[in-house]
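Fold and geometry: a report
In case you want the letters, here they are:
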Amino acid sequence: MDDNKVGLTHAHLRTPRAAAVAGILFSVLLFLVFGLLRLSIPGDPFEPGAWLQGGLTYVTPAMNLVPFAGIAFLWFVGVLRDRLGSREDRFFATVFLGSAFLLLAMLFAAAAVFGAIITAFRAAPEALERSAAFHLGRGLAYAMINIYLVKTASVFMITTSTIALYTHLTPRWLAIGGYVIAFVLIVGSYYFDWSLLVFPLWVFLVSISILREQEKEATSPPS
């Protein structure tokens, strides 16, 4: 057999060490997205749409950041799976991946709805404002973010924390903290508009933990 073919057969991809930075990047981008949206769009789903007349200075950049945040989150999920390796349980892995994909789907769909509202407003500002189509889109985006995305993020955190607790993927305090933050998301999303920001904060802490573990492994002498 050709040596080149043998090399290709036994070759395999390795996760870049810098990939753990993706979680930090996702956290920063999601903070920016929700921060910029809250500066322009009221949390009340029944508001008449006056924010459209007030300017879209912050909304458009927020929409453009969403795809990059989604890509960074996929890298973060890949890093977690790489750290688990053979310890990954099929049941929890299914829920873990499923909730991650659903979370991204809700985030992208909500951003698309806001983008459609902005496009329609620019095309016919007088016809859209206070129209049934505007309230339909506004209510749809609100439900996607404050109901479905929040609940899916909670499932992702609970599943990840359970995996981390039994496989020592993260420090024990961080895994337990994931349960607490998930509870805050489930309950607090009804009362606090900014409660969703605890999710990227948790992702940030997990990413920092993984980076520290990678540094320890890189500096420790081989056994």
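The structure presented is a predicted model; accordingly, all values stated were derived computationally and were not measured.

Reading the values: rules and limits
- Residues numbered from 1 in each chain as written.
- Predicted model: local features only at pLDDT ≥ 70, side-chain atom pairs only at ≥ 80, totals over all residues.
- Heavy atoms only, no water.
- Helix = DSSP H or I, 4+ residues; strand = E, 2+ residues; numbered from the N terminus.
- Buried < 20%, exposed > 50% of the residue type's maximum accessible area, 1.4 Å probe, protein only.
- Axes fitted to C-alpha atoms, helices over the stretch in contact; angles between N-to-C directions.
- Parallel < 35°, antiparallel > 145°, perpendicular 65-115°, else oblique.
- Left-handed = near helix turned anticlockwise from the far one by under 90°.
- Contact = heavy atoms within 4.5 Å.
- Core = buried A, V, L, I, M, F, W, Y, C linked by side-chain atoms within 4.5 Å.
- Expected span 1.5 Å × (residues − 1).
- Bend = angle between axes of the 7 residues up to and from the residue.
- Phe/Tyr/Trp six-rings, centres within 6.5 Å; stacked < 30°, edge-to-face > 60°.
- Polar contact = N/O pair within 3.5 Å; in protein donor to acceptor, adjacent residues only side chain to side chain.
- pLDDT = per-residue confidence, 0-100.

1. Some points on unusual backbone geometry
- You will see that H168, though not glycine, has its phi angle at about 60°, which is positive.
- Positionally, H168 belongs in the loop between helix 7 (132–167) and helix 8 (172–188).
- The class for H168 is exposed, based on a relative accessible area of 68%.

2. So, the packing of helix 7 against helix 8
- Helix 8 packs onto helix 7 with a crossing angle of 160° between their chain directions and a minimal axis gap of 8 Å. What the angle tells us is that helix 7 and helix 8 run roughly antiparallel. Along this stretch, helix 7 crosses helix 8, giving a crossing that reads as left-handed. Contacts from V150, K151, A153, S154, M157, I158, S161, T162, A164 and L165 in helix 7 reach R172, A175, I176, G178, Y179, I181, A182, L185 and I186 in helix 8.

3. Quick look at the environment of L140
- Note on placement: L140 falls in helix 7.
- Among the residues examined, L140 registers a relative accessible area of 41% and is labelled partly exposed.
- When the C-alpha atoms of L140 and A109 are compared, they prove to be 9.5 Å apart, with 31 residues separating the residues in sequence.

4. What to know about the nonpolar core
- Of all hydrophobic cores here, the largest spans 62 residues; its most connected members are F26, F73, L80, F156, F199 and W202.
- For this core, the elements supplying multiple residues, two or more each, are helix 2 (21–40), helix 4 (59–84), helix 5 (90–123), helix 7, helix 8 and helix 9 (198–219).
- Look past the residues within four positions of W202 in its chain and what remains in contact with it is F156, M157, T160, S161, L174, G178 and I181.

5. Let's talk about helix 7
- Taking 1.5 Å as the rise per residue, helix 7 with 36 residues should run 52 Å; its terminal C-alpha atoms sit 50 Å apart, in good agreement.
- Of all bends in helix 7, the biggest is about 35°, found at L149.
- Two residues or fewer after helix 7 comes H168, characterised by a positive phi angle close to 60°.

6. A look at the packing of aromatic side chains
- Enumeration over the complete set of coordinates arrives at 8 aromatic pairs.
- In this structure an aromatic cluster arises from ring pairing among F26, F73, F76, F96, F156, F199 and W202.

7. Here's the deal with the side chain of T160
- Tracing the chain through its elements places T160 in helix 7.
- Exposure remark for T160: the relative accessible area of 4% places this residue in the buried category.
- A distance of 2.7 Å separates a polar atom in the side chain of T160 from the backbone oxygen of F156.
- Sequence-distant contacts of T160, that is, excluding residues within four places in its chain, are made with L80, F96 and W202.

8. With respect to the packing of helix 2 against helix 4
- Between helix 2 and helix 4, the shortest axis-to-axis distance is 8 Å and the interhelical angle comes to 155°. With respect to their mutual orientation, helix 2 and helix 4 come out roughly antiparallel. As for how helix 2 packs across helix 4, the hand of that crossing is left-handed. Of the residues in helix 4, those in contact with A22, G23, L25, F26, L29, L32, V33, L36, L37 and S40 of helix 2 are V59, P61, A62, M63, L65, V66, F68, A69, A72, F73, W75 and F76.

9. Comments concerning the side chain of T159
- Note on placement: T159 falls in helix 7.
- Among the polar contacts listed, one links the side chain of T159 to the backbone oxygen of V155, at a separation of 2.8 Å.
- In this view, T159 contacts F92, V95 and F96; residues no more than four positions away in its chain are not counted.

10. Structural notes on the confidence of the model for the protein chain
- Summarising the model, the protein chain shows a mean pLDDT of 79, and 79% of its residues fall at 70 or more.
- Counted against residues more than four places away or in other chains, residues 5–13, with its pLDDT under 50, gives 1 contact.

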